[in-house]
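This is what each chain is made of:
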Amino acid sequence: MALPDFLSKDKLIKQGAEARVYRAEFLGKPAIVKERFPKRYRHPALDEKLTHRRTTQEVRSILRCRKAGISVPVVYFVDYTSHCIFLEEITGSLTVSDYIASIQQCKEQELLRLAEQVGQILAKMHDEDVIHGDLTTSNMLLRCSTVDIHQTDLVLIDFGLSYISALPEDKGVDLYVLEKAFLSTHPNTEVLFRKLLEGYAASSKKSPAVIKKLDEVRLRGRKRSMVG
Amino acid sequence: MHLTKVLELFPDRSVTQMLFKEVKNAAELRQSAVEGEISGALINPAMLVDPFQVLIAANKAVHLQTIGKMKTRSLYSEIIFNLSPTNKISEAFKRFGISDGDDVVMVVVVHNKDDLQHLSDITTRVDGRQIPVEDVSSLSDIEKIKKLYKITPQEEKCGSLLDAVVCRMATKDVM
């Protein structure tokens, strides 16, 4: 089947440098299709290899998170020839970013609770040695819990840059990337981010090493010094 | 009774599921399927959580057939293979295919949109009572399914059993 036919333009919801994201119906269910298109600026052989590796890596990280009980979208189907991943659409959800922007002043308590919840989930993810690679508040969705309607589930999305690593350095950088993104998207929320780190520290035994690395990374930036 | 769904990615192909109970000729049906006389997949409903699980397997089978990358010899054996969480073909048949003594059978057929003759050919072969496909959920052996797909209690906290099963099926080739 001509996949371009299926992924007609009217369903396109986002276009990035790495992939296009479409909304579609798949086997009767609302789905999200992430298509890693060919990059003309790369040598074709290299492009194929990189794209293939990133697609499999994304799928692997998603499954690893699910097995650990972290809410992530269900993978319905992967097409390794056109590099498309068909995922469950998280319907009726809101990004954490939009949520924070919408209620910044009045409901301080709820925001603090959410920040703590985010910290706990990230700690759980890092305990599985999954490094997300692109943590931002837009890559976290809130939806009504499937188990208890009075609770909200936090769903992590976009594992496109994720990889597996046990190094505190990589986990520290993961948190550093989030800190940068968090504080620039949501100004004057240092208290919230501190609460997030508290939540993180309290739920993982491996957290002291990671937090220590985070402090180091803050001083030098994301890239490691190559001097010496 | 039966459930027919057009595959969005292959608009000229449809998947029809038919569920039978009180089946008396399972051995004969199995034999005909092995010999290729029945063009359909015969599946043990105890291993199915929901008809969606079958659609996922069928879509993947048609996709692999289209690009010439099937792991097994026919489209129907590929559907059975795709249901299994492992890459062992014989084990997939043992768990997800039917056995001679079975009295419930899920029949899955991939056909062109208006090819209804094909379907009635198969229905007449089955000596049993057709029941609604949705009833498959009441026939599932939940404990066995959890064990075979290795689904942990913590995973069930973040989604349904169907979610867990579908995710395993869709990702098994890169694990």
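The preceding data block contains the structure.
We now turn to the structure provided with this report. Just so you know, these numbers come straight off a predicted model, no measurement behind them.

### What to know about the interface of chain B and chain A
So, step 1. With 30 residues of chain B at the contact, the number on the chain A side is 29 residues.
So, step 2. For the pair chain B and chain A, the summed buried area comes to about 2,700 Å², and 67% of that belongs to carbon and sulfur atoms.
So, step 3. Of all residues in chain B, Glu8, Leu9 and Cys158 of chain B bury the most surface against chain A, accounting for 25% of the area lost on that side.
So, step 4. Between chain B and chain A we count zero salt bridges in total.
So, step 5. Of all the elements in the fold, those that place two or more residues in the side of chain B that touches chain A are β1 (3-7), β2 (10-21), α2 (51-66), α8 (153-157) and α9 (161-171) of chain B.
So, step 6. The residue makeup of the side of chain B that touches chain A, split by class, is 15 nonpolar, seven polar and eight charged.

### Some thoughts on the sheet that holds strand β6 (residues 94-95) of chain A
Residues and elements named next belong to chain A.
So, step 1. Sheet architecture is open: three strands sit in the order β6-β8-β9, paired in antiparallel fashion. Two strands close off the open sheet at either side, each with one partner strand: β6 and β9 (152-156).
So, step 2. On the sheet, helix α4 (residues 108-127) packs against β8 (140-144) and β9 and is oriented at approximately 45 degrees with respect to β9.

### Considerations on the nonpolar core
So, step 1. Within the largest apolar cluster, 116 residues are counted, with the highest numbers of intra-cluster contacts made by Tyr76 and Leu122 of chain A together with Ile79 of chain B.
So, step 2. The element that contributes the greatest number of residues to this core is α4 of chain A, accounting for nine residues.
So, step 3. Counting residues domain by domain, this core receives three or more from each of domain 1 (5-88) and domain 2 (93-222) of chain A.
So, step 4. The residues contacting Tyr76 of chain A, other than those within four sequence positions of it, are Phe26, Lys29, Pro30, Ala31, Phe86, Leu87 and Glu88 of chain A together with Phe52, Ile56, Val166 and Ala170 of chain B.

Analysis parameters
- Residues numbered from 1 in each chain as written.
- Chains lettered and ligands numbered in written order.
- Predicted model: local features only at pLDDT ≥ 70, side-chain atom pairs only at ≥ 80, totals over all residues.
- Heavy atoms only, no water.
- Contact = heavy atoms within 4.5 Å.
- Buried area = accessible area lost by both parts, 1.4 Å probe.
- Salt bridge = Lys/Arg side-chain N within 4 Å of Asp/Glu carboxyl O.
- Helix = DSSP H or I, 4+ residues; strand = E, 2+ residues; numbered from the N terminus.
- Nonpolar A, V, L, I, M, F, W, Y, C, P; charged D, E, K, R; others polar.
- Pairing = 2+ DSSP bridges.
- Axes fitted to C-alpha atoms, helices over the stretch in contact; angles between N-to-C directions.
- Core = buried A, V, L, I, M, F, W, Y, C linked by side-chain atoms within 4.5 Å.
- Buried < 20%, exposed > 50% of the residue type's maximum accessible area, 1.4 Å probe, protein only.
- Domains from an automatic or database assignment.

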